[in-house]
Amino acid sequence: MSQTPQDPTWRQILAGAQMLFVAFGALVLMPLITGLDPNVALFTAGLGTLLFQLVTRRQVPVFLASSFAFIAPIIAAKGEYGLPAVLGGVMAAGLVYVLLGAAVRVKGAGFIDRLLPPVVIAPVIISIGLALSPVAVNMAMGKAGDGSAQLIPYETAMLISMPALLTTLLVAVLGKGLFRLVPILAGVAVGYGLSFVFGVVDTTGIRAAAWISMPAFVAPEFNLGAILFMVPVALAPAIEHIGGVVAIGGVTGRNYIKDPGLHRTLLGDGLATSAAGLFGGPPNTTYAEVTGAVMLTKNYNPKIMTWAAVFAIALAFIGKFGAGLQSIPVPVMGGILCLLFGSIAVVGLSTLIRHQVDLSEARNLIIVSVTLVFGIGGMVFGAGDFALSGISLCAVAALVLNLLLPGGGTWGAAARQLES
């Protein structure tokens, strides 16, 4: 179904609903893992997409929603500083995109390539996936994410989490058409159904929730320690953003790096992330699933993303819907996350391989080694509000080592596209 600006409104609305359906699984899974409100995440995803469209003059058909790269720092900072301080950190992370956009406008898009080459970004991405793996395993076995409590008996949890994981795998590999783009939703559906069979779904919250209600917005607070947790992690999603813009340009046959310009897309993503923090939602990023749906359906009209955003905002005000999402038992999410968190690490490995980073070269070996150990091992530098640890620390370490050590590589063909 080809989509053009002259297509009837009803077709644009239908296509928009389809795009939200594709993004929905990952969109709500991230806030459920981190303890954020899924209704707020829906609202901020819709709002962020509209802001992105405003800044880019509605030229780029992308949908922005919850970023998995921020899961580890949100969990860590939330336990130490509280949710409002985390949200202040999210707003600050959005400003990183804004500053990168300003730098791109002044120095050119190649600036990103020189600052954040593959040897910096790849080990950070690997660290994000592997550092989160204990969370996935604990949840799959019926425990809290940090392993502090057994929420559901182990045997029951495994009978739920493993079929949910298997379903996700089968749909991702064997699914056809649009069905192949929604493996998370398929896994959740199977896992949730099994949870009902085993009697581990608590429907009290669903019965008590109103049909129409205001999302549980939370105001941010600004705490230096929480900001230091969040800001460095924005480096990896910034590269993810650029990859997403290049990818959707390849699908539609347009160079969005030039028009509307990478500086505008980074600004739009940054404002979307800061707006999410302002209302209590997770940081936003471009969704590869939606790019896949655009490629499959050939719906290139950015107006369909406007409708997807409107649907997301409307769903945010349905109280029983959000309560239903929050009733999903931890083994359901844990089973799916065993794949998703591993996939994040594989993206980092693929980045190293695809860009032929030579790990026999001492410089590269040092950057990758130190970054992985700091990120996965949970190294801490400093104390109190001036402490850096985990993913935040490894991102800073990779960046500093790349700037200090002589030599260095680039993104190759991707860099040439940025400069062209």
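Participant: Tell me what's going on with the environment of Ser 389, and back it up with residues and numbers.
Facilitator: As for its placement among the helices and strands, Ser 389 is situated in strand S4 (residues 388-389). In this structure, the C-alpha to C-alpha distance between Ser 389 and Met 230, residues 159 residues apart in sequence, is 10 Å. Leaving out residues up to four positions away in the same chain, Ser 389 has contacts with Phe 229, Met 379 and Val 380.

Participant: Please give an account of the confidence of the model for the protein chain that cites residues and values.
Facilitator: With 95% of its residues at a pLDDT of at least 70, the protein chain reaches an overall mean of 92. Put simply, helix H19 (residues 413-419) is where the protein chain has its lowest mean pLDDT, 51, and helix H2 (residues 38-55) is where it has its highest, 98. Here residues 1-5 is a poorly scored stretch, pLDDT under 50, and it has 22 contacts once near neighbours within four places are set aside; other chains count.

Participant: Tell me about the side chain of Asp 269, residues and numbers included.
Facilitator: In this fold, Asp 269 is placed in helix H12 (residues 257-279). Among buried charged residues, Asp 269 stands out as having no salt bridge; its nearest opposite-charge side chain is Arg 264, 15 Å away. Those residues in contact with Asp 269 that lie beyond four places of it in its chain are Phe 52, Leu 64, Tyr 97, His 241, Asn 284, Thr 285 and Thr 286.

Participant: Please give an account of the packing of aromatic side chains that cites residues and values.
Facilitator: Summed over all chains, the structure comprises 8 aromatic pairs. On the numbers, 5.5 Å between centres and 50 degrees between planes, the contact of Phe 24 with Phe 321 is tilted. Pair noted here: Phe 24 is in helix H1 (residues 9-34) and Phe 321 is in helix H15 (residues 319-326), with a separation of 297 residues, a long-range link. Its relative accessible area of 12% is what places Phe 24 among the buried residues. Arranged with centres 6.0 Å apart and planes meeting at 70 degrees, the rings of Tyr 81 and Phe 229 form a pair that is edge-to-face.

Participant: Break down the pattern of salt bridges for me, with residues and values.
Facilitator: Enumeration over the complete set of coordinates arrives at 1 salt bridge. In this structure, the salt-bridge partner of Arg 57 is Asp 259, at a minimum N-O distance of 3.7 Å. In this pair, Arg 57 sits in the loop between H2 and strand S1 (64-66) while Asp 259 sits in helix H12, placing the two residues 202 residues apart along the sequence. Classification of Arg 57 by relative accessible area gives partly exposed; the value is 48%. Taking the relative accessible area as the measure of exposure, Asp 259 reaches 36% and is therefore partly exposed.

Participant: Now, about the side chain of Thr 252: what can you tell me, with residues and values included?
Facilitator: With respect to the helices and strands, Thr 252 occurs in helix H11 (residues 235-252). A relative accessible area of 16% places Thr 252 in the buried class. Among the polar contacts listed, one links the side chain of Thr 252 to the side chain of Tyr 256, at a separation of 3.0 Å. Setting aside residues up to four positions removed in sequence, Thr 252 forms contacts with Pro 61 and Tyr 300.

About the thresholds
Residues numbered from 1 in each chain as written. Predicted model: local features only at pLDDT ≥ 70, side-chain atom pairs only at ≥ 80, totals over all residues. Heavy atoms only, no water. Helix = DSSP H or I, 4+ residues; strand = E, 2+ residues; numbered from the N terminus. Contact = heavy atoms within 4.5 Å. pLDDT = per-residue confidence, 0-100. Buried < 20%, exposed > 50% of the residue type's maximum accessible area, 1.4 Å probe, protein only. Lys, Arg positive; Asp, Glu negative; His and termini not counted. Salt bridge = Lys/Arg side-chain N within 4 Å of Asp/Glu carboxyl O. Phe/Tyr/Trp six-rings, centres within 6.5 Å; stacked < 30°, edge-to-face > 60°. Polar contact = N/O pair within 3.5 Å; in protein donor to acceptor, adjacent residues only side chain to side chain.

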